[in-house]
Amino acid sequence: MSACEPDPEELRRRFLPRLQAERAALAQASQSTEADRRPVELDQQSVGRLSRMDAMQQQAMARAQEARRRARIRALDAAIRRIGTEDYGWCDSCGEFIGEERLALDPALTRCRACAR
């Protein structure tokens, strides 16, 4: 194995726990904020117009945050699958190794620095 070619077992040992921990934290955060995404009650007798608008805005923000969270979970799941097939760490675009320094910043990356531009 050359110096620039990664050891799949070392990548698995180094990055799999991080990927799994981040995924678990995001899943837990998603579950704990589920109530924030529920439909807003529009009872005009008990809640004023501005309070309802504020509640609807907060619900929209919670839904947008959940969408970003779900996208990140999909990226983490894909990285975990790639580790299992030893495709992890290789650029989806050019096929070169992404680099351990770059993966250390974000272990779910799929492109090298040149292809990410």
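Residues numbered from 1 in each chain as written. Predicted model: local features only at pLDDT ≥ 70, side-chain atom pairs only at ≥ 80, totals over all residues. Heavy atoms only, no water.

Visitor: Can you help me understand the overall build of the chain in this one?
Guide: In terms of helices and strands, the chain carries four helices and zero strands. Walking the chain from its N terminus toward its C terminus, one meets helices and strands in the order α-α-α-α. Expressed as a percentage of the 117 residues in the chain, the buried residues total 26%. Nonlocal contacts in the chain, meaning residues at least 24 apart in sequence, comprise 58% of its contacts between residues at least 6 apart. In the structure as shown, the chain presents an accessible area of about 8000 Å², 49% of it carried by carbon and sulfur atoms. (Helix = DSSP H or I, 4+ residues; strand = E, 2+ residues; numbered from the N terminus. Buried < 20%, exposed > 50% of the residue type's maximum accessible area, 1.4 Å probe, protein only. Contact = heavy atoms within 4.5 Å. Areas by Shrake-Rupley, 256 points an atom, 1.4 Å probe, with all protein chains shown as cover.)

Visitor: Would you mind going over the confidence of the model for the chain with me for this structure?
Guide: Any residue range with low pLDDT should be treated as having predicted coordinates unsuitable for detailed reading. In the predicted model, the chain carries a mean pLDDT of 86, and the fraction of residues at 70 or more is 83%. Put simply, helix α2 (residues 49-85) is where the chain has its lowest mean pLDDT, 88, and helix α3 (residues 100-105) is where it has its highest, 95. (pLDDT = per-residue confidence, 0-100.)

Visitor: Where do I start with helix α1 (residues 8-32) in this structure?
Guide: Each turn of an α-helix holds 3.6 residues, which means side chains three or four residues apart point in the same direction. Here α1 spans 35 Å end to end across 25 residues, near enough to the 36 Å set by a 1.5 Å rise per residue. Considering bend angle alone, the principal kink of α1 is centred on Phe15 and spans about 35 degrees; proline Pro17 follows within four residues of it. The complete set of buried residues in α1 reads Leu11, Arg12, Phe15, Leu16, Leu19, Leu26 and Ser30. (Expected span 1.5 Å × (residues − 1). Bend = angle between axes of the 7 residues up to and from the residue.)

Visitor: So what exactly am I meant to see when it comes to the nonpolar core here?
Guide: By size, the foremost hydrophobic cluster in this structure holds 16 residues, and its most contacted members are Leu11, Leu19, Tyr88 and Leu103. Elements with a minimum of two residues in this core: α1 and α2. Residues in contact with Tyr88, not counting those within four places in the same chain, are Leu11, Phe15, Leu19, Ala79, Arg82, Ile83, Leu103 and Pro107. (Core = buried A, V, L, I, M, F, W, Y, C linked by side-chain atoms within 4.5 Å.)

Visitor: Help me understand the state of the cysteines, please; the structure alone is not making it clear to me.
Guide: Note on terminology: a disulfide is the covalent bond linking the sulfur atoms of two cysteines. Scanning all chains against the criterion turns up zero disulfides. Cys94 supplies the cysteine sulfur nearest to Cys91, a cysteine that is in no disulfide, at a spacing of 3.7 Å. By relative accessible area, which is 5% here, Cys91 ends up buried. Unpaired in this structure, Cys115 has its nearest cysteine sulfur neighbour in Cys112, at a distance of 3.6 Å. Here Cys115 falls in the partly exposed class, since its relative accessible area comes to 22%. (Disulfide = S-S within 2.5 Å.)

Visitor: Would you mind going over empty space enclosed by the protein with me for this structure?
Guide: Once rolled over the atoms, a probe with the size of a water molecule shows which space is left empty. Under the counting rule described, the total for this entry stands at one cavity of 30 Å³ or more. Reported here for the largest cavity is a volume of approximately 40 Å³. Taken together, Pro8, Leu11, Arg12, Arg82, Ile83, Glu86 and Tyr88 make up the full set of residues lining the largest cavity. The element best represented in the lining of the largest cavity is α1, accounting for three residues. In the lining of the largest cavity, the residues fall into four nonpolar, no polar and three charged. (1 Å grid on protein atoms, 1.4 Å probe; cavity = no way out; pocket = protein on both sides within 12 Å on 5 of 7 lines; lining within 4 Å. Points joined across faces, edges and corners; volume = space filled by probe spheres on them. Nonpolar A, V, L, I, M, F, W, Y, C, P; charged D, E, K, R; others polar.)

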